[in-house]
Amino acid sequence: MKNIFEAIRKDHDTQRKLLKKLVETSGDTKERKQTFKALKNELEVHANAEERHFYKPLISNDMMQEKARHGIAEHHEIDELIEKLEETEFDSPAWLKYAKDLKHKVEHHLEDEEHTFFQLAGKVFSETKKESLAKDYTNYMHANL
């Protein structure tokens, strides 16, 4: 049985691949549109699943409250960059700049979670809780992707 950290990390790897692929696309192409759509969907569903089945159970913990709030705030910053990309022409030079900003922001967020957040949360959750959260998180991802 996977724990919540393994479940989230697996999706982080998917996001990293999509981000890398996105910044390698050019112009108003089918590949750019499809990659962007896949990434946008992945990021939205992941953020919702994570907020529900990872951050929410941590908010009540004094040690984790600030971190959980910070993580949620970063999800909103990511949403804003996605909106900027949606409002920009696919073949505009600004589009690639925003895509690179998004890649940078998401990768920073993933690093933060994996290197700081997971260690701290690991001390808060019991093994059973880590597994039940993984199950809920994974079910949510499968139902919504």
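A brief look at the structure comes next. (Residues numbered from 1 in each chain as written. Predicted model: local features only at pLDDT ≥ 70, side-chain atom pairs only at ≥ 80, totals over all residues. Heavy atoms only, no water.)

**Let's talk about helix α1 (residues 4-23)**
With 20 residues, α1 should cover 28 Å at 1.5 Å per step; its first-to-last C-alpha distance of 29 Å lies within 8% of that length. Along α1, the residues classified as buried are Ile4, Phe5, Ala7, Ile8, Asp11, His12, Gln15, Leu18, Leu19, Leu22 and Val23. Seen along its axis, α1 keeps its buried residues to an arc of 150 degrees; they face one direction. Buried residues along α1 sit in contact with α2 (30-59), α4 (93-124) and α5 (127-144). (Helix = DSSP H or I, 4+ residues; strand = E, 2+ residues; numbered from the N terminus. Expected span 1.5 Å × (residues − 1). Buried < 20%, exposed > 50% of the residue type's maximum accessible area, 1.4 Å probe, protein only. Arc of directions from axis to C-beta. Contact = heavy atoms within 4.5 Å.)

**As for the environment of Glu51**
With respect to the helices, strands and loops of the structure, Glu51 is situated in helix α2. Owing to a relative accessible area of 23%, Glu51 belongs among the partly exposed residues under this scheme. Taking the C-alpha atoms as reference, Glu51 lies 9.2 Å from His75; in sequence the two are 24 residues apart. Polar contacts involving the side chain of Glu51 include one to the side chain of His75, which spans 2.7 Å. (Polar contact = N/O pair within 3.5 Å; in protein donor to acceptor, adjacent residues only side chain to side chain.)

**Quick word on the side chain of Thr25**
With respect to the element layout, Thr25 can be found in the loop between α1 and α2. If sequence neighbours within four positions are ignored, Thr25 has contacts with Glu31, Arg32, Thr35, Trp95 and Leu96.

**So, the pattern of salt bridges**
If charged atoms from side chains of opposite charge come close, those side chains can pair. Taken as a whole, this structure holds 11 salt bridges when the rule is applied. Ionic pairing is found between Arg16 and Glu111, a salt bridge with its closest N-O pair at 3.5 Å. A residue pair is termed long-range when its members are at least 10 positions apart, and Arg16 in helix α1 and Glu111 in helix α4 qualify at 95 residues. The class of Glu111 is partly exposed, set by a relative accessible area of 35%. Between Lys20 and Glu24 there is a salt bridge; the shortest N-O distance is 2.9 Å. A relative accessible area of 48% means that Lys20 is categorised as partly exposed. By relative accessible area, Glu24 is classed as exposed at 55%. Here the salt bridges share partners, and the residues they tie into one network are Asp13, Arg16, Glu111 and Glu114. (Salt bridge = Lys/Arg side-chain N within 4 Å of Asp/Glu carboxyl O.)

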